[in-house]
Amino acid sequence: MIEVAVIALRWLQYSGAVVLLGVPLFLLYSFRGGDGPNLVWARPTLIVAATVVALGSLAALVAQTAVMAGSLSEALKPASLSFMVTGMALGMAMVARAVVAGLALVAIAALKPGRVVWIVLATVGVIVSASFAWTGHGAATEGPGGLLHLTATIIHAVSASLWLGALAALTMLLLRRTTPDDPAIHRALRGFAGLGTLAVALLALSGLGNSWFMIGPARIAGLATSLYGQLLIAKLVLFALMLVLAAENRFRLTPGLGLVLAGGEDPRPALQRLRRSIVAETLVGAVLIAVVAIMGTLAPPSAM
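The text that follows walks through the structure, step by step, so that each part is easy to find.

Cut-off values and rules
Residues numbered from 1 in each chain as written. Predicted model: local features only at pLDDT ≥ 70, side-chain atom pairs only at ≥ 80, totals over all residues. Heavy atoms only, no water. Helix = DSSP H or I, 4+ residues; strand = E, 2+ residues; numbered from the N terminus. Rg over C-alpha atoms; globule rule 2.2 N^0.38 Å. Buried < 20%, exposed > 50% of the residue type's maximum accessible area, 1.4 Å probe, protein only. Contact = heavy atoms within 4.5 Å. Areas by Shrake-Rupley, 256 points an atom, 1.4 Å probe, with all protein chains shown as cover. Expected span 1.5 Å × (residues − 1). Axes fitted to C-alpha atoms, helices over the stretch in contact; angles between N-to-C directions. Parallel < 35°, antiparallel > 145°, perpendicular 65-115°, else oblique. Left-handed = near helix turned anticlockwise from the far one by under 90°. Patch = residues over 30% accessible without salt bridge, like charges linked within 9 Å, V, L, I, M, F, W, Y side chains within 5 Å. Salt bridge = Lys/Arg side-chain N within 4 Å of Asp/Glu carboxyl O.

This brings us to the overall build of the chain. For the chain, the count of helices and strands is ten helices and zero strands. Along the chain, helices and strands appear, N-terminal first, in the series α-α-α-α-α-α-α-α-α-α. A globule of 304 residues ought to have a C-alpha radius of gyration of about 19 Å, and the chain, at 20 Å, matches this closely. Counting only C-alpha atoms and orienting by the principal axes, one finds that the chain spans roughly 65 × 50 × 35 Å. By the burial criterion, 47% of the 304 residues in the chain qualify as buried. In the chain, the proportion of contacts linking residues at least 24 apart, taken out of those at least 6 apart, comes to 78%. Of the roughly 14200 Å² of accessible surface on the chain, 73% is carried by carbon and sulfur atoms.

Below, the structure written as structure tokens:
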């Protein structure tokens, strides 16, 4: 039961980090001045994300301590928690993540919605996303390749948060869309194309680097014989599906919306198609995060 809780808490923390980085960064580069749509949803969404990361990190600290100590009652003892926090990078990273997420809550409460708070929150999101490298396999590699593996893991986590968080923002925009928002939404979709492409490229390259350390060329043939390998294959299939949906959005649906708006036609059918595609891509991303949460609890083939 504790193992299931660890996986669920990982998923919650990953999801919160995705929103905490991707949403404010998306708002920063998509809307300037007064040309943005109604963003009343942004502040409560970011409050929820920061709270989930802060509380989820502390709960994960207890759950992970319980796994290592053998029971929940043992994990709640000050000595057990103290050892986890002061003696292990895993525990330090979880506490640091909770503290930084708490600072994000302070920033949201103290600052008005706008560029300053979006910059602060995007910075917090980078730190939170990067911290997962120390609570997964990224910091486990020893020797001269350790720093390279850690760097690849950080890039992978930050890139994923950038892409998936922007999708979450687009989903909220399209679900809460009003007629005056249509041109701004179209500009945001076009603007997302470049950054989305960069995120995908970094994800692919850093993913290859991680696979080199956690699987290795010699073990690729037997990848499907382990649960970790099967989940990795599932992750790649989900990633490919997201790429297909993203390509459709970029090369067919977004230009189609632009033509409709330029021609003065009713944009609702085009927006409905975009909404379905973006929501589908976001849901696939949520499932992918769940797969990653499970993989983080398993030993990779290189450790066997």
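The discussion continues.
Attention now moves to helix α6 (residues 115-131). Taking 1.5 Å of rise per residue, 17 residues should cover 24 Å, and α6 covers 24 Å from first to last C-alpha, within 8% of that figure. Three or more residues of α6 are buried, namely V117, W118, L121, A122, V124, G125, V128, S129, A130 and S131. Those residues of α6 hidden inside the fold are in contact with α1 (2-30), α2 (42-69), α5 (89-110) and α7 (146-175).

With that out of the way, let us pick up the packing of α1 against helix α8 (residues 182-214). Two elements in contact, α1 and α8, have axes separated by 10 Å at closest approach and are oriented at 115°. Compared by their axis directions, α1 and α8 come out roughly perpendicular. Taken as a pair, α1 and α8 cross one another with a handedness that is right-handed. Residue-level inspection shows L25, F26, Y29 and S30 of α1 in contact with α8, the latter providing A188, G191, F192 and L195.

Turning our attention to the environment of K112. As for its placement among the helices and strands, K112 is situated in the loop between α5 and α6. With relative accessibility at 75%, the residue K112 sits in the exposed group.

The interhelical angle for the contact between α7 and helix α10 (residues 268-295), taken along N-to-C directions, is 140°, at an axis separation of 9 Å. Considering only the axes of α7 and α10, their crossing is left-handed. In this structure, α7 uses W163, L164, L167, A168, L170, T171, L174 and L175 to contact α10, whose residues at the interface are L271, L274, R275, I278, V279, E281, T282, G285 and I289.

Let us look at the environment of G125. By the element assignment, G125 lies in helix α6. Given a relative accessible area of 0%, G125 falls into the buried group. Measuring from C-alpha to C-alpha, the distance between G125 and G22 comes to 7.7 Å, with 103 residues separating the pair along the chain. Apart from the residues lying within four places of it in its own chain, the contact partners of G125 are L20 and L21.

Moving on to a nonpolar patch on the surface. A cluster of nonpolar residues, L111, V116 and V120, forms a patch on the protein surface that exposes about 220 Å² of accessible area. One can find V116 in helix α6. By relative accessible area, which is 57% here, V116 ends up exposed.

Fair warning: the whole summary comes from geometry, so function is off the table for now.
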